[in-house]
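# Coordinates in review
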Amino acid sequence: MEMDDVVMEETPGTNAGEGSGVEVAFRSVTKRFPPHIIANDRVSFEIERGTVHALLGENGAGKSTLMNILYGLLQPDEGEILVRGRSVTIPSPQKAIALGIGMVHQHFKLIPTHTVAENIILGLPSVPFFFPAKREIRHIVELSERYGLRVDPRARVWQLSAGEKQKMEILKALYRRANILILDEPTSVLTPQEVEELFTTLRAMKGEGKTCIFITHKLNEVMAVADRVTVMRYGKVKATLRPSETSSQELAQMMVGKKVIAVVPRRYTSREMVLRLENVWVMGDRDFPALLDVSLTVSQGEIVGVAGVAGNGQRELAEIVTGLRKVKQGRLFLGEKEITHLTPREIASLGVAYIPEERHLGLVGSMSVAENLIFRTYDRPPFSQGFLVDWGKVEAHTERLISDYHIYPPFPALPVKLLSGGNRQRVLLARELERNPRLVIASNPTAGLDVAGVEAIHELLLKAQEKGAGILLISGDLDELLKLANRIVVLFRGGIIGEREREQWTEDDRRDIGLMMGGVKR
Amino acid sequence: MLYRISPLVAYTVFFRGAFGSWYAISETLKRTIPLLLVGSGLALAFRAQVLNIGAEGQILFGAVAATWVALFLSPPAGVTLLVMFLLGFLAGAGWALIPAFLKTRFAVNEVLSSLMLNYVAFNVVLYLIAGPWKGKSVRGFTYTDTFPESAWLGTLGMTKVPYFTLFSGIVVAILGYYFLKKTAWGFELRIVGNSPDTARLLGISEERVIFLTMMLSGGLAGFAGVGEVAGIHHLLRHPSHISLGYGYTAIIVAWLARANPLATLLTAFLLGALISGGDALRVSLGIPFQVVSVFNGLILFFLIATERFGHYRVSVRRKVKG
């Protein structure tokens, strides 16, 4: 299908400067990250001038890599890139800007204490040395009106919301006369209203003949704003087509793919509730609600998977259950006990284990394996009767855990930072699961691990389940959830958009969950 | 060379002044004591990433509290020293509580707040010795009356080394080490110092660690201040005579010891030798004390600048040809 597209459109695209044609073309672009990863595998497709082109795919599909190549941040190993029909090499972002390519990153690169105008003109050679911002403000205001990007150029950046910062980044690119604008997951930090405003801007830019490339994994956004969409999976282009010629379902299928699900059916018999969230509201770091009216339960011996694209409230969910973030409204219960206002330490001592997403937070790299293993228990028997820590007992405990959890190399005094990622994760799980917790909160526990590491962690989680722990498994990896979970809830923009419970997951479930992750209700 | 003195002679004098005789060693020990007390306290604070730069002021407040006890409170002679050390510790700890409070409550950087309080303490002492506490028998000089003998610390033999504070310093350095290694609080302190974010995730109170380390380091500085006035001066005098910059030098003591209290036993002695060797240069060669200070400063500078190289191993490799 992809090849058809290329062949069909090659003819009008090769000559530059015609009314409508190909703005950017990728020809067999390959990028490897040694030793094992092929981030882009012979990627070929074309982007038409004056269109909004969506790049759709799961985390790790290679979308950002490809765009970083176009913006000059990475160099391709093979293949060529054509901009307006001419083959180009782009060694640096400076060159990309000279070619009229602008990029708005997922994480903004701004100077918070400077004004909007100062940030926009920063680094341009044409800017006068004294009072640089003054003269340019008029030009900035004119640009912002033309594209509906309302930001006060005199405001300081730290005062801006995420949405305003993004508008500023777009202005910055436009100010540098960008004809091609790359937006890396622009909606992940925006409120629904801001998303609408962004779409208005994109349409205005399209009207001026500018080209927008829009990285996303949200299906409804593709359907709403894109003229064409390229679906990527595992570094390869699956298809390039018009949204009007396809459906959300078909796109979801292409994005997620068909895989044989290794199902290990597991039943849990108890219906005793371990965790209950009642109409919980939580504010995110950016001062809009990260969780809106979420109700959720986890039973004894049940693995509840939380699916969703990163940034839809997963982090906040983990943080409120562990007491690290304050709940704005609603209540949390652990069994019958209300834990809404308890401290992290109190909640942990009630039997809640936490495998945080940021692995460096769970462990202290410069401290030893033995020390890391008693982070939860150093101040209580048997290791301590109050004031002194009994290192003899710690040593024995460490050696037992090292052998039980197969931590390698088996040296209690070794600083944790010298262990491999998988072994570090084993240390963390050993510490957290050793206490026989009632509830386990695991956030992407296998991210970045190799196959053996993933298997080991999965086994440990299943063993905890067997012992009766309720497990809230938050994961961006749908396969992981389908392998382990008894029930899956899907978080989208801070709410639970859907829920499925199965003894056996099917291909339809995968498609439906993929759709819900993209914001489509099923 | 500037003074037509051979550098070799100068170094000889310097080393003789620091280690050359029993007297020289006693002079070095005299300087070592406050550095050891303050330095091991600061080692604890630095290990928790609490940067207490205010030890100088905390020393002075300890000295002020001791003077008040000796001259004005006049407790029974048998307990005078005990009360002096107790209140001196509390005064130093109390003075250190201010930056601790500002840091925990308003996130004020403790480096700045504790440093600024040094100047306040300095001028409080100046005010006291020139104003309300000015001695009746000292005429034009600005210092207080001499303490009653019940407030004097005993010294080792004929030297001027007060044995109580020397002994305390050694004990404190060893206890500090065991505190970090063996106690639950010391363990928490190390977690907070290594990774405040992990500590937060584990629910360890960073606030408690800040208060604890500030009070311990401030209290030990106050204790050292008591030792200086009760053991050496026997009165309260100009602040730069009470503390020869010990509060600042102790920062280097703790830092060179890599925030290990046990290692301050060594580093405090080395920097004590640096001070007493400098004194010898001044006295026997007539080099102005400013020049000696520059000299000392340069030695410290090079010590610190090259400390980094201690992390590397020298290895000789044959050049590969081709």
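Residues numbered from 1 in each chain as written. Chains lettered and ligands numbered in written order. Predicted model: local features only at pLDDT ≥ 70, side-chain atom pairs only at ≥ 80, totals over all residues.

### A word on the nonpolar core
- Among the nonpolar cores identified, the biggest contains 242 residues, and I182, L473 and V490 of chain A together with V38 of chain B are the most heavily contacted of them.
- The biggest single contributor to this core is helix α9 (residues 206–233) of chain B, with 13 residues.
- Mapped onto the domain boundaries, this core takes at least three residues apiece from domain 1 (2–256) and domain 2 (294–517) of chain A.
- Ignoring sequence-local partners within four residues, the contact set of L473 of chain A consists of I303, V304, G305, V306, A442, L481, L484 and A485 of chain A. (Core = buried A, V, L, I, M, F, W, Y, C linked by C-beta atoms within 7 Å. Buried ≥ 20, exposed ≤ 12 C-beta atoms within 10 Å, placed from the backbone. Helix = DSSP H or I, 4+ residues; strand = E, 2+ residues; numbered from the N terminus. Domains from an automatic or database assignment. Contact = placed C-beta atoms within 7 Å.)

### Thoughts on the sheet that holds strand β12 (residues 289–299) of chain A
Residue and element names in this part refer to chain A.
- Spatial strand order, β12-β11-β14-β15: four strands in an open sheet with antiparallel pairing. Among the strands making up the open sheet, the edge pair consists of β12 and β15 (337–338).
- One ladder, built from five bridges, connects strand β11 (residues 273–283) with strand β14 (residues 329–334); its direction is antiparallel. Directly across from W281, in β14, lies its bridge partner Q329.
- Strand contacts of helix α10 (residues 314–321): β11, β12 and β14, with the helix running at about 120° to β11, the strand carrying the most contacts. (Pairing = 2+ DSSP bridges. Axes fitted to C-alpha atoms, helices over the stretch in contact; angles between N-to-C directions.)

### Describing the packing of helix α9 (residues 248–256) of chain A against helix α18 (residues 507–517) of chain A
Residues and elements named next belong to chain A.
- It is at 9 Å that the axes of α9 and α18 come closest, and there the two elements cross at 105°. Considering their axes alone, α9 and α18 lie roughly perpendicular with respect to each other. Here S248, Q249, A252, Q253, M255 and V256 of α9 lie close against α18, whose contacting residues are R510, R511, G514 and L515.
- Grouping the amino acids of the contact of α9 with α18 by side-chain chemistry returns four nonpolar, four polar and two charged. (Parallel < 35°, antiparallel > 145°, perpendicular 65-115°, else oblique. Nonpolar A, V, L, I, M, F, W, Y, C, P; charged D, E, K, R; others polar.)

### Notes on the pairing of strand β19 (residues 487–492) of chain A
Residue and element names in this part refer to chain A.
- Among the six residues of β19, five are classified as buried, and the element is accordingly described as predominantly covered.
- Examined bridge by bridge, strand β13 (residues 303–307) and β19 share four bridges and lie parallel to one another. Counterpart to A307 in the pairing with β19 is V490.
- Sheet analysis places β19 next to strand β20 (residues 495–501), joined by six bridges and oriented antiparallel.

### Describing the interface of chain B and chain A
- Every contact between the two is made by 13 residues of chain B and, on the other side, 19 residues of chain A.
- Listing elements by their share of the side of chain B that touches chain A, those giving two or more residues are α7 (184–194) and α8 (196–202) of chain B.
- The class makeup of the residues in the side of chain B that touches chain A is five nonpolar, five polar and three charged.

### Here's the deal with the sheet that holds strand β1 (residues 22–33) of chain A
All names here are of chain A.
- Strand order across the open sheet formed by four strands is β2-β1-β4-β5, with antiparallel pairing between neighbours. In this open sheet, the two strands that pair with only one neighbour each are β2 (37–48) and β5 (86–88). Here the strands of the sheet are splayed against their neighbours by 25° on average, with no regard to which way each runs.
- Note that strand β4 (residues 78–83) and β5 share three bridges and pair antiparallel. When the sheet's bridge partners are listed, I81 is paired in β5 with V88.
- Packed onto the sheet, helix α2 (residues 63–70) meets β1, β2 and β4 and runs at close to 115° relative to β1.

### Some points on the packing of α7 of chain B against α9 of chain B
Residues and elements named next belong to chain B.
- Closest axis-to-axis distance for the α7/α9 pair is 10 Å, and the angle between their directions is 110°. When the interaxial angle is binned, α7 and α9 end up roughly perpendicular. For the pair α7 and α9, the contacting residues are W185, E188, L189 and V192 in the first and E206, V209, L212 and T213 in the second.
- Considering only residue class, the contact of α7 with α9 consists of five nonpolar, one polar and two charged.

### Some words on the domain arrangement of chain A
Residues and elements named next belong to chain A.
- Here chain A is partitioned into domain 1 (2–256) and domain 2 (294–517).
- Put simply, the middle of domain 1 and the middle of domain 2, counted by C-alpha atoms, are 37 Å apart.
- With eleven residues of domain 1 in contact, the opposing surface of domain 2 contributes nine residues.
- Examining the composition of the side of domain 1 that touches domain 2, we find that six residues originate from one element, α9, more than from any other.

### A word on helix α4 (residues 80–106) of chain B
- Between the first and last C-alpha of α4 of chain B there are 39 Å, a value that for 27 residues agrees with the 39 Å anticipated at 1.5 Å per step.
- In the segment just after α4 of chain B, A107 of chain B is the residue with positive phi, at about 55°. (Expected span 1.5 Å × (residues − 1).)

### A word on the pairing of strand β9 (residues 228–233) of chain A
Residues and elements named next belong to chain A.
- When you tally the buried positions in β9, you get five out of six residues, the bulk of the element.
- Pairing of β9 with strand β10 (residues 236–241), which is carried by five bridges, proceeds in the antiparallel orientation. Across the sheet, residue M232 finds its bridge partner in β10, namely V237.
- Here β9 hands over to β10 after two residues, with Y234 in that stretch at a positive phi of 45°.

### Quick look at unusual backbone geometry
Residue and element names in this part refer to chain A.
- Note that the residue after P381, namely P382, is joined by a cis bond; omega there is 0°.
- Position of P382 among the secondary structure elements: in the loop between α13 (369–373) and α14 (391–404).
- Cis geometry is adopted by the peptide bond preceding P409, which originates at Y408 and carries an omega value of -5°.
- With respect to the secondary-structure elements, P409 resides in the loop between α14 and α15 (421–433).
- Phi at Y234 is positive, roughly 45°, even though this residue is not glycine.
- Relative to the elements of secondary structure, Y234 occurs in the loop between β9 and β10.
- On the basis of neighbour count, Y234 is assigned to the partly exposed category, with 14 C-beta atoms found within 10 Å.
- Although it is not a glycine, D293 sits at a positive phi angle of roughly 55°.
- Relative to the helices and strands, D293 resides in strand β12.

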